Structures are given as C-alpha cells and as structure tokens.
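Observations on chain architecture
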Amino acid sequence: MSDLRVRFAPSPTGYLHIGGARTALFNYLLARQQHGAFILRIEDTDVERSTQASTDAILQAMEWLGLDYDEGPFFQSDRFDLYKAKVARLLAEGKAYRCYCSAEELEQKRAAAAAAGSSRFGYDGTCRHRTDQPEGAPFVVRFRTPQTGTTTFLDRIKGPISFNNEELDDLIIQRTDGTPTYNFVVVVDDVDMRISLVIRGDDHINNTPRQIHIYQALGAPVPEFAHVPMILGADKKRLSKRHGATSVMVYKEMGYLPEALVNYLVRLGWSHGDQEIFSKQELIEKFNLESVGRAAGVFNPDKLLWLNEHYIKTGDPQRLGALLAEILASRGISTAGGPDLAAAVRTLQDRAKTLVEMADGAAFYYSRPTSYDAEAIERQVGPEQIAALDHLHAELASAGEVDHAGVEAVFQKVLAATGLKLGKLGPAVRIALTGGTVSPSIYEVVAVLGSGETAARLQSALGVFRAAIKTA
Ligand code: GLU
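Definitions and cut-offs
- Positions within a chain are numbered from 1, following the residues in the order the chain's sequence is written.
- The predicted nature of this model means local features are confined to residues of pLDDT at least 70 and side-chain atom pairs, given and counted, to a pLDDT of 80 or more, with totals for whole chains, interfaces and linings taken over all residues.
- Calculated side-chain values reflect all of the structure's heavy atoms, with hydrogen atoms and water omitted.
- Summary of the distance rule: residues count as near a molecule or strand when at least one heavy atom falls within 4 Å of that molecule or strand.
- Polar contact is the term for a pair of N or O atoms within 3.5 Å; when the atoms are in protein, one must be able to donate a hydrogen and the other to accept it, and sequence-neighboring residues count only if both atoms are side-chain atoms.
- Per-residue and other accessible areas were derived by the Shrake-Rupley procedure at a 1.4 Å probe size, with only the shown protein chains allowed to occlude residues.
- Here the term charged refers only to Asp, Glu, Lys and Arg, the term nonpolar to Ala, Val, Leu, Ile, Met, Phe, Trp, Tyr, Cys and Pro, and the term polar to all other amino acids, Gly among them.
- In this scheme, strands are said to pair when DSSP sees at least two bridges between them.
- Helix numbering and strand numbering both begin at the N terminus, where a helix is a DSSP run of H or I of at least 4 residues and a strand a DSSP run of E of at least 2.
- Geometry is summarised by axes, namely lines fitted to C-alpha atoms with helices restricted to the contacting stretch, and by angles between N-to-C directions that run from 0 to 180 degrees.
- Detection works on a 1 Å grid of protein atoms alone, calling trapped sets that fit a 1.4 Å probe cavities and calling open sets with protein on both sides within 12 Å along at least five of seven lines pockets, with lining residues defined by an atom within 4 Å of a point.
- Grid points are joined across faces, edges and corners, and a volume is the space filled by probe spheres set on the points.
- Between rings of Phe, Tyr and Trp, where Trp is taken as its six-membered ring, a pair exists when centres lie within 6.5 Å; planes separated by under 30 degrees are stacked, by over 60 edge-to-face, and by other angles tilted.
- Relative accessibility under 20% of the residue-type maximum defines a buried residue, over 50% an exposed one, and the middle range a partly exposed one, all with a 1.4 Å probe and only protein chains included.
- Throughout this description, the term charge over a ring refers to an Arg CZ or Lys NZ atom that lies within 6 Å of the ring centre and within 35 degrees of the ring normal.
- Here, a salt bridge means any Lys or Arg side-chain nitrogen found within 4 Å of an Asp or Glu carboxyl oxygen.
- Buried Ala, Val, Leu, Ile, Met, Phe, Trp, Tyr and Cys residues that are joined via side-chain atoms within 4.5 Å together make up what is termed a nonpolar core.
- For this analysis, residues touch if any pair of their heavy atoms sits within 4.5 Å.
- Given a helix with a known number of residues, its expected span is that number minus one, times 1.5 Å.
- Cysteine sulfur atoms are paired as a disulfide whenever they fall within 2.5 Å.
- A right-handed crossover is one whose linking path, passing over the helix from the first strand to the second, runs clockwise when the strands point away from the viewer.
- Comment on the angle field: the value is read as roughly parallel under 35 degrees, roughly antiparallel over 145, roughly perpendicular from 65 to 115, and oblique elsewhere.
- A crossing counts as left-handed when the near helix is turned anticlockwise from the far one by less than a right angle, and as right-handed when that turn is clockwise.

**Re the site of the ligand**
Every residue near the ligand is listed here: Arg7, Ala9, Pro10, Ser11, Glu43, Tyr182, Val186, Arg200 and His204. Between Arg7 and the ligand, the recorded distance is 2.7 Å, taken from a side-chain N or O atom to an oxygen atom. Separating a nitrogen atom of the ligand from a backbone N or O atom of Ala9 is a distance of 2.8 Å. With the chains in place, 81% of the 300 Å² that the ligand exposes on its own is no longer accessible. Residue composition of the shell around the ligand, by class: four nonpolar, two polar and three charged.

**So, the sheet that holds strand β8 (residues 172-174)**
Taken together, the three strands give an open sheet; going across it, the order is β4-β5-β8, and neighbouring strands pair in antiparallel fashion. Two strands lie at the open edges of the sheet, namely β4 (96-99) and β8, each paired on one side alone. Averaged over neighbouring strand pairs, the angle between their axes works out to 45° when direction is ignored. With four bridges joining them, β4 and strand β5 (residues 140-143) adopt antiparallel strand pairing.

**Concerning the layout of surface pockets**
Take a probe with the size of a water molecule and roll it over the atoms, and the empty space left behind shows itself. Volume-wise, the largest pocket comes out at about 1000 Å³. Lining the largest pocket are 37 residues, with Ala9, Pro10, Ser11, Asp203 and His204 positioned closest to its centre. Tallied by class, residues from the lining of the largest pocket come to 15 nonpolar, 13 polar and nine charged.

**A word on the packing of aromatic side chains**
The full count for this structure, using the stated rule, is 14 aromatic pairs. Ring centres 5.9 Å apart and planes at 75° place the aromatic pair Tyr372 and Phe465 in the edge-to-face group. Highlighted residues: Tyr372 in the loop between α13 (355-366) and α14 (374-380) and Phe465 in helix α19 (residues 451-471), separated in sequence by 93 residues. Judged by relative accessible area, Tyr372 falls into the buried class, the value being 17%. For Phe465, a relative accessible area of 0% corresponds to the buried category. Among the aromatic residues, those joined into a cluster by ring pairs are Phe26, Trp270, Phe278 and Phe287. A cation over an aromatic ring shows up here: Arg98 above the ring of Phe139, its NZ or CZ 4.6 Å from the ring centre.

**A few points about the pattern of salt bridges**
Per the counting criterion, the structure on display carries 32 salt bridges. Note that Glu107 and Arg110 form a salt bridge whose closest N and O atoms lie 3.4 Å from each other. Note that Glu107 and Arg110 are positioned in helix α4 (residues 103-115) at a spacing of three residues, about one turn of the helix. On the accessibility criterion, Arg110 (38% relative accessible area) is partly exposed.

**A closer look at the sheet that holds strand β1 (residues 5-8)**
The sheet built from three strands is open, its strands ordered β1-β2-β3 with parallel pairing. Because the sheet does not close on itself, it has two edges, and the strands there are β1 and β3 (71-75). Averaged over all pairs of adjacent strands, the angle between their axes in this sheet comes to 25°, without regard to strand direction. Bridging between β1 and strand β2 (residues 37-42) involves four bridges; their strand directions are parallel.

**Here we look at unusual backbone geometry**
Residues Gly72 and Pro73 are joined by a peptide bond in cis, for which omega reads 5°. Considering the arrangement of structural elements, one finds Pro73 in strand β3. Within the chain, Arg194 stands out as a residue other than glycine whose phi angle is a positive 50°. The topology assignment puts Arg194 in the loop between α5 (182-192) and β9 (197-201). Arg194 sits in the exposed class, given a relative accessible area of 51%. You will see that Lys236, though not glycine, has its phi angle at about 70°, which is positive.

**Brief notes about the nonpolar core**
A general trend in soluble globular proteins is that nonpolar side chains are found buried together. Val248, Tyr365 and Phe465 are the most contacted members of the largest nonpolar core, which has 104 residues in total. Looking at this core, the element that brings in the most residues is helix α1 (residues 18-33), giving nine residues. Contact partners of Tyr365, with chain neighbours within four places excluded, come to Pro339, Ala344, Thr347, Leu348, Pro440, Val445, Val448, Leu449 and Arg457. Of all hydrophobic cores here, the second largest spans 29 residues; its members include Val185, Met193, Ile195 and Tyr215.

**Some thoughts on helix α15 (residues 383-397)**
With 15 residues, α15 should reach 21 Å at 1.5 Å per residue; the first-to-last C-alpha distance of 21 Å fits that figure. On the buried face of α15, the contacting elements are α14, α16 (404-418), α17 (422-434), α18 (442-449) and α19.

**Focus on the side chain of His243**
Inspection of the secondary structure assignment puts His243 in the loop between β11 (231-232) and α7 (248-253). Exposure remark for His243: the relative accessible area of 17% places this residue in the buried category. At a separation of 2.7 Å, a polar atom in the side chain of His243 contacts the side chain of Asp235.

**Focus: the state of the cysteines**
Inspection of the entire model under this criterion finds zero disulfides. You can see Cys99 has no disulfide; the closest cysteine sulfur is in Cys101, sitting 3.9 Å from it. Taking relative accessible area as the criterion, Cys99 reaches 1% and is therefore assigned buried. Free of any disulfide, Cys127 has its nearest cysteine sulfur in Cys101, 3.6 Å distant.

**With respect to the pairing of β1**
The alternating pattern of β1 places Arg5 and Arg7 and Val6 and Phe8 on opposite faces, both of which are buried. One crossover worth recording links β1 to the parallel β2 by way of α1, and it is right-handed.

**Examining the packing of α15 against α19**
The interhelical angle for the contact between α15 and α19, taken along N-to-C directions, is 155°, at an axis separation of 9 Å. Taken together, α15 and α19 sit at an angle that is classed as roughly antiparallel. The handedness of the crossing between α15 and α19 is left-handed. Residues Pro383, Ile386, Leu389, Asp390, Leu392, His393, Leu396 and Ala397 of α15 touch α19, and the partners they reach there are Ser451, Thr454, Ala455, Leu458, Gln459, Leu462, Phe465, Arg466 and Ile469. Of the residues that constitute the contact of α15 with α19, the class distribution is 11 nonpolar, four polar and two charged.

As structure tokens, this is what we get:
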C-alpha cells in the first residue's frame with residue numbers, strides 16, 4: 001500500500017454523467033497503479049436535490065464500469081455531527097463567526113455596490129467584528145477568510161494557479177438551518193479520510209483557494225490537486241444531451257461494452273504515444289496525470305462506436321452471449337433451450353457495432369419467423385427452389401447433429417441432385433429460416449440452428465412458399 005488516497009465524490013442529483021465517470025476513472029486508475037486507496041463518498045448534503053434513485057444510479061454505473069472502491073460509500077448525510085463539531089471548533093478559535101445579516105440586508109448591500117459600479121459582490125464583512133450575540137436571532141456561520149496575500153497551488157494537470165485573497169469573501173460554512181455547506185464539508189471529509197490527492201472536475205478550481213484556507217484553519221495538511229478539464233461537444237459547447245447521450249447507463253442500454261467506454265473516456269484528453277486500444281490493466285500501468293491535456297476534450301461519438309466495434313469483434317463469445325441473452329430477454333425472447341449463445345455470437349461478431357445490433361441480428365436464432373418477406377419470396381422462390389428445399393428438408397431431418405463441414409456436405413448433395421447453384425438456393429433458405437434477407441452465411445446459420453430446428457423451419461416455410469407460388 002502506498003500513501004496515495006484518492007476519492008470520487010459525486011453529488012446524487014442525477015445519473016452518472018460521462019464527465020463524472022472520467023473523473024472517477026482517473027482516480028481509480030491512479031489508486032490501482034500505486035496500490036493506494038480509492039474512496040467513494042456520496043455528497044448528499046443538499047437534501048432538496050439529492051435522491052436515493054440518483055445514488056443507486058451512480059453506484060450501478062460504477063459497478064458496470066468496473067470501478068471498485070476500497071472504502072465507502074460514505075454518505076455526508078450521516079456525518080453532520082462531525083461537521084457541527086468542526087464548525088464549533090472554528091467558532092471557538094475565532095476562525096469563523098456568526099453573521100446575523102438578513103437576506104434582505106445582503107441583497108440591499110449587493111444592489112448598492114452594483115449601483116456604485118463596484119465589481120465586488122461578496123459579503124462586506126459587517127459581522128466580522130461584532131461582539132454581541134442577539135438572543136434567538138437567526139444566523140449563519142461564516143469563515144474568516146484571509147483578506148490579503150495570495151493563495152497558490154501547483155495543480156498536477158493545470159500547473160501553478162494563484163488567487164488574490166482580496167477577491168474572496170467570508171464564505172458561509174453553516175446555513176441558518178444549521179446545515180453545513182459544500183466547501184466546508186468537502187474539506188472536513190477530505191481531512192478525515194486523509195485524502196492526499198484531489199482529482200476532480202475543473203469547475204471546482206475557483207473553490208480550491210477557499211478550501212485551502214479551511215485546511216489551514218483546521219491545522220490539516222493541504223492535499224495535492226488535479227483538476228480535470230471538462231468534456232465539450234463537437235461545437236465546443238459544454239457536453240449536453242444535444243450532443244448525444246451523457247449518462248453512462250444509457251450507453252449500456254445502447255449496447256456499449258464497459259471496456260469501450262472506459263478506453264474511450266481515458267483516451268479523451270490523455271494519450272500514450274499514438275496507442276488507441278488499452279486494456280484496463282494497461283491503463284492501470286500507463287495512466288499518468290502529467291499526460292492529461294490542459295484543454296477541454298471534445299466528445300467524439302464515432303470514435304466511441306469504433307472502439308465498441310473493436311471490443312465486440314474481439315470479445316469472449318461466452319461473455320458476449322450472456323449479455324446478448326439479457327437484451328433478448330428484455331424483448332421477450334428466451335434463449336433457454338435455443339442454439340448455443342457463444343456459437344450464435346461468433347456468427348455475428350464481425351457484423352455488429354453494438355450489442356443492440358447484435359441482438360437484432362441474433363433474434364431469429366431464438367424465435368421462429370412469424371412472417372416471411374413477401375417481396376423476397378417473389379424474387380427468390382420458384383418451383384426449383386421449392387423442390388430443393390424439400391430435398392434439403394429430407395436430408396436434414398435424417399442427418400442428426402451436423403457441424404459446419406457437415407452442413408456444407410448436405411448442401412453439396414442437394415445442389416448436385418437438383419442442379420441448382422448455391423447462389424440460387426441460399427436466399428430461399430435464408431428467407432425460410434429467418435423470414436428475411438439478412439443473416440450470417442447460410443452454412444453458419446444452419447450449423448448454429450442445428451439440423452432438427454432447421455428442418456422444422458423449412459417445413460413451415462415450405463407451406464407458405466407453396467401457397468405463395470400458387471397464387472402468383
Ligand atoms: N460533489 C462535487 C461534485 O459532484 C465534487 C466535489 C469534489 O470533488 O471536491 O461536483
């Protein structure tokens with residue numbers, strides 16, 4: 001175990017966004033690389049906006065991506081006593097103070113400052129030196145922020161960053177109702193959980209100097225920071241639903257594999273030479289913050305799809321088969337008792353970019369056609385085909401189980417006997433077995449379906465084909 005302790009700290013106010021997932025991934029990869037600890041903390045102090053459904057959705061997405069954590073999930077809503085104790089301590093030490101200014105007063109002051117052309121909208125410090133404590137009057141607790149000097153930190157991604165303390169006002173750390181605020185609890189928790197490196201979205205850069213002051217007031221060491229650039233759409237605007245799905249789990253629903261999303265998200269803004277494909281183990285070995293770009297990454301759905309195609313092509317058929325069965329089940333198609341799933345997958349791996357496409361292509365293996373493409377019948381099926389299909393049916397009905405070579409031998413026999421070319425028979429067989437005109441190669445299909453099932457389907461189709469020819 002190294003001393004590295006990192007955390008992912010999502011607010012459960014919605015699904016896990018792919019930007020959040022990338023932040024979680026960076027934390028995870030570094031923790032695994034350095035044998036440190038990866039901690040999950042759910043920041044649910046905003047009771048109005050936090051929901052159990054969001055927490056569940058985030059946990060589910062982490063699990064799907066394979067981001068296992070070593071400690072947690074911790075919930076900030078369970079830790080209010082700790083925050084209260086820390087507020088009390090800062091008050092006792094004079095590092096925080098009670099502020100009795102009402103919302104209306106603050107609003108008036110802001111309006112007056114704006115009217116006077118001031119660019120400072122922060123709190124003016126009225127209660128900083130107040131000595132009386134009006135009995136029963138509502139108050140917030142404010143942090144006594146240094147008013148001079150600068151606060152500097154060396155960001156592991158962005159480089160050195162400096163703020164003038166003058167620009168910071170005395171922020172509220174406890175609201176009138178006694179609940180603590182984000183900038184305060186995040187520091188109390190990072191101290192309590194001994195976080196040594198904070199990796200998070202760069203929308204938190206402006207909070208960092210405020211948080212550094214709180215670390216110092218608590219007498220705690222300041223961790224390192226690494227602020228991850230955000231993800232933009234192709235139009236360089238912040239990524240939103242307009243650019244495609246932003247929820248991790250929607251990618252699952254669309255038939256993406258977690259390893260494709262992981263590979264994509266890490267490569268978005270991080271590079272290692274011109275290598276594109278990384279297994280998770282390779283990412284753990286090679287990932288480093290220093291090679292994360294400082295500028296925002298642009299989301300490229302085509303590249304993600306390309307990676308997904310790669311992982312589908314090279315995936316383990318057994319595993320893909322299990323995933324496929326889930327999707328088919330959700331469509332009401334049972335795979336139990338049907339053709340071997342891995343065998344079905346092997347015939348489709350080169351033809352599908354997503355698991356959803358693969359399921360579209362695999363459905364016929366597990367449900368017999370309920371109708372046949374009439375136009376295709378008209379084009380592809382005549383008396384010669386019907387005679388050959390009859391022949392094929394008879395051969396297969398008595399063939400027992402046959403492998404790919406066996407299927408080919410049966411076809412050769414039928415073709416020789418009927419004088420038809422495969423190009424004239426194959427399409428008719430395909431319509432009979434699938435109802436349509438698209439499928440993997442016909443030998444593969446028959447080998448996967450098995451001779452018994454193939455014979456049964458041929459028989460059903462022959463009835464339909466004969467009737468169609470008669471009326472033609
Ligand atoms: N809860 C914050 C968020 O979801 C993250 C805070 C942090 O990482 O410091 O944006």
